[in-house]
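Chain residues, written in single-letter form:
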Amino acid sequence: MRLLALFLISCSAVFAQVPFERIVNADKEPGNWLTYSRDLQGHRYSPLTEITTQNVARLKVKWALQFPDQRMEVSPIVLDGILYITGPNSAAAVDGSSGRSLWTWKRPIPPDYHSIGFGHTNRGAAVLDDKLFVATLDGYLVALDLKSGIERWSAKVLDYKVGYSMTMAPLAIEGKVVVGVSGGEAGIRGFIDAYDAKNGQLAWRFWTIPGPGESGHETWSGDAWKTGGGATWVTGAYDPELKLVYWGVGNPGPDWNGDVRPGDNLYTCSFVALDAATGKLRWYFQFSPHDTHDWDATHVPMLFDASIGGKNRKLIAVANRNAFYYVLDRATGEFLAGKPYAKQTWAIGLDPKGRPIPTPDSEPSKEGRLVWPNANGATVWFSPSYDPQTGFVYVATREIGARYFKRETPYRPGTIFPGGGEDELPPDDAWGAIKALQAETGDLRWEFKLHSPPWAGVLSTAGGLVFSGSDEGNFYALDARTGKPLWDFQTGGPIGANPVSFLIDGHQCIAIAADHVLYVFGL
Amino acid sequence: MRALATALFSILLAASTRGASPQSPPATAVPLQQPDVASGKRIFESHCALCHGLDGGGGRGPSLRRPKLNHAADDEALKSLIENGIPPEMPEAWFLSNEEIASVAAFVRSLGNVPPEILPGDPARGKTIYARSGCSACHILNGDGSSFGPDLTDIGARRGSRRLRETLQNPAKTVPEDFLLLEATIASGQAIRGIRLNEDTFSIQFRDQQGRFYSFRKSELRGLKKLRGETPMPSFGAALSPVELDDLVHFLATQRGKP
């Protein structure tokens, strides 16, 4: 009988290794990192407590793994001692104890594939049941067998020949895998797709640029919507109770020349809340109407509950690329709070509904206009972190301006469609910081200054720590309550990835990709 | 209307000989054209300035305002680089014709290379002035001298005569972007001045005038002053006569590097 029970348990492990309930209840197994942000709420927070403010100074490299590709941006998935990592059109399972790979998978990048506006990269995978889901540069969502890396199915999401691509980690929800697309600098028409996790059938598609007859189409003129951008290249979040998928939408196209697309250009530079069953739009909130600065709203949304005005609210928050921090009601999209968290010169402020009031002379011009922040924004794709212990949101912040200029760019499918560009300030005039903001208000609690604007995300832990990396290769730990630096390590390469934390052999580890090396640290 | 004409011109250019893209109609009737810096500039502003800046001064990508490019030793290499990109960071310009690529290359070359000028003064006398003024105590020129200040071997290709003159008269006003004088105060209270070699959030490395290297954790320093707009170079505005200044500027302007 006992044997049978064991057999049944092991069968269920094989056939449903990561049922959706495990992801929903991620806090019950803090030793694993089961989805891009560890939880569906986009927190990038680890409840592990072995590494603390008292002992973090003893953190050491346990192993390192070299990749063939530079500037790895992967955020690993960690499941029962195994790390699942991805690169451009590749994935691998790595033994967490030894750092030795267990299987690898590769899909050739077609010779006529072009990355337009970004490098060849991949930011991670999703896991559900017995499969690992990887999005490829050339537009396939691939389901791999968790145990072997053998392909179970693949679905063609997009046509790379007209400028689409994929770099983000998919998001696994109940029975479905949700993906977004890159190509905002190539005049694509963006969308968000959900596929049946079992067989790769398309469940629904949400076009981020509404077509004729659809609500929001009136915010475009002529045929501009056809090349309107609205890429969806960063992983979203999910509320399993409201059953809403939250996703950030990128800039309109062409990026810097808004003359050819008068109007607000919905749903670019917005958060959209989609019904998980149908993909129908429940609400949207546009951060930068008629954007002309490349300020995608492609950020990981942070979902949390907090008291506002004495009332407990279900909230969604984001530190936006446009340098404002926003707090919305995540059931309705209602604007509740917003304020700048970094230097900005493009808006006088936000009106009572959260719409920005632009300053004069902040639009790109022929000669160029100096505006803060620059086109990469006050923060970019890399993840923020929400720490339920402190109630703070930690944001890797970029303090840099640029001279924005506008040019004519004829649209040609599969080529860059910028309509201008920017001249960044010299390196010594720019800086970076990790900023701790009060989650429900955006009030600054502390900041830790960095030598240059960062490209790495933030992890917070229940050990009272915040981890992040610098463009000069420093991987470091700060006190989550004060921002005081407690430990740092020179990795030898620029860090443009998100840290994760997990258990290996019962002990807490921290992992970060730095250039082409994945480091795993422990005490 | 003019914008429309420019756009049509670009489209026509793009539809020329290579036809690498299925979107480009085959076009053999367009005659071959010589590289044209002005049209290269237009294409650069539309497709390259996004990363390299409107004036090639750099941004997401490196500055191209230099006589020697790290990834392109000569014009052929530069054209090949524009066509093929540097995977994975720099995209290929597969959609440009050979003529367009040549024009972009000509424009890029024009960014970093100061054209020779007709100058007053005698470069031979300038060479003597360079030697007796002690310049080599801080600068290397054609392999000789000390390395505290910038290498001057190709200074004539990097700087025009006006800028050279200004630097000799008022060096603090023209400190190069990557040249930072700093003063670090160590635990004993001693202040050390040097030129920054590297820096990150937690540490800094620099070299003093005697060529000694220093590396400190920033947290162990009592003070760290970045002396922006300051330079150890003295002004030669008063030390040299106007004629001597002409001679020295002319001498420096002829220093265009090794072939």
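Fair warning: this is a prediction, and the values are worked out from it, not measured in the lab.

A. The arrangement of the sheet that holds strand β12 (residues 176-180) of chain A in detail. Residue and element names in this part refer to chain A. An order of β11-β12-β13-β14 is seen for the four strands of this open sheet, with the pairing classed as antiparallel. Looking at which strands have only one partner, the edges of the open sheet turn out to be β11 (171-173) and β14 (202-207). Neighbour-to-neighbour, the strand axes of the sheet open up by a mean angle of 20°, direction not taken into account. Where strand β13 (residues 191-196) lies against β14, five bridges are found, and the strand directions are antiparallel. Its bridge partner lying in β14, F191 is registered against W207.

B. Expanded view of the interface of chain A and chain B. Facing 29 residues of chain A, the contacting portion of chain B comprises 30 residues. Ranked by the residues each element gives to the side of chain A that touches chain B, the list is headed by strand β29 (residues 420-424) of chain A, at four residues. In terms of residue class, the side of chain A that touches chain B is built from eight nonpolar, 13 polar and eight charged.

C. Structural view of the environment of C135 of chain B. Residues and elements named next belong to chain B. In this structure, C135 sits in the loop between α5 (123-132) and β1 (140-141). Taking the number of C-beta atoms within 10 Å as the measure of exposure, C135 has 20 and is therefore buried. For the pair C135 and S147, spaced 12 residues apart in sequence, the C-alpha to C-alpha distance is 11 Å.

D. Layout of the nonpolar core. Core analysis: the biggest nonpolar cluster contains 174 residues, and Y84, A125, A126, V127, A172, V177 and V393 of chain A have the highest contact counts within it. Residue contacts for A126 of chain A: discarding those within four places in its chain leaves T35, Y36, F133, A169, P170, L171, A172 and V177 of chain A. C135, L152, L168 and L248 of chain B belong to the second-largest nonpolar core, a separate cluster that totals 13 residues.

E. Main features of helix α7 (residues 161-169) of chain B. All names here are of chain B. Of the positions making up α7, those classed as buried are S161, L164, R165, T167 and L168. The buried side chains of α7 occupy one side of the element, clustering within an arc of 160° when seen end-on. Buried residues in α7 make contact with α8 (242-253).

F. Here's a closer look at the packing of α5 of chain B against α8 of chain B. All names here are of chain B. Interaxial distance between α5 and α8 falls to 7 Å at its minimum, and their mutual angle equals 95°. One finds that α5 runs roughly perpendicular with respect to α8. Together, P123, R125, G126, K127, I129 and Y130 of α5 and E244, D247, L248, H250 and F251 of α8 make up the contact between the two elements. Of the residues contributing to the contact of α5 with α8, the split by class is five nonpolar, two polar and four charged.

G. Representation of the sheet that holds strand β6 (residues 213-217) of chain B in the model. Residue and element names in this part refer to chain B. With antiparallel pairing, five strands are arranged side by side in an open sheet as β6-β5-β4-β3-β7. Lying at the two open borders of the sheet, with one neighbouring strand each, are β6 and β7 (223-226). Across this sheet, the average inter-strand angle for adjacent strands is 40°, counted without regard to direction. Relative to β6, strand β5 (residues 203-207) runs antiparallel, the two being bridged by five bridges. Counted as the bridge partner of S203 is R217 from β6.

H. Seen up close, the confidence of the model for chain A. Of all residues in chain A, 97% have pLDDT values of 70 or greater, and the mean over the chain is 95. Below pLDDT 50 for its whole length, residues 1-16 of chain A participates in four contacts with residues either more than four positions away or in separate chains.

I. Structural context of the packing of α7 of chain B against α8 of chain B. Residues and elements named next belong to chain B. For the pair α7 and α8, interaxial distance at closest approach is 10 Å and the crossing angle is 125°. As summarised for this structure, α7 and α8 are arranged oblique, according to the angle between their axes. Between α7 and α8 lies a crossing whose hand is right-handed. Mapping the contact onto sequence places S161, L164, R165 and L168 in α7 and L245, L248, V249, L252 and A253 in α8. Considering only residue class, the contact of α7 with α8 consists of seven nonpolar, one polar and one charged.

Basis of the calculations
Residues numbered from 1 in each chain as written. Chains lettered and ligands numbered in written order. Predicted model: local features only at pLDDT ≥ 70, side-chain atom pairs only at ≥ 80, totals over all residues. Pairing = 2+ DSSP bridges. Helix = DSSP H or I, 4+ residues; strand = E, 2+ residues; numbered from the N terminus. Axes fitted to C-alpha atoms, helices over the stretch in contact; angles between N-to-C directions. Contact = placed C-beta atoms within 7 Å. Nonpolar A, V, L, I, M, F, W, Y, C, P; charged D, E, K, R; others polar. Buried ≥ 20, exposed ≤ 12 C-beta atoms within 10 Å, placed from the backbone. Core = buried A, V, L, I, M, F, W, Y, C linked by C-beta atoms within 7 Å. Arc of directions from axis to C-beta. Parallel < 35°, antiparallel > 145°, perpendicular 65-115°, else oblique. pLDDT = per-residue confidence, 0-100. Left-handed = near helix turned anticlockwise from the far one by under 90°.

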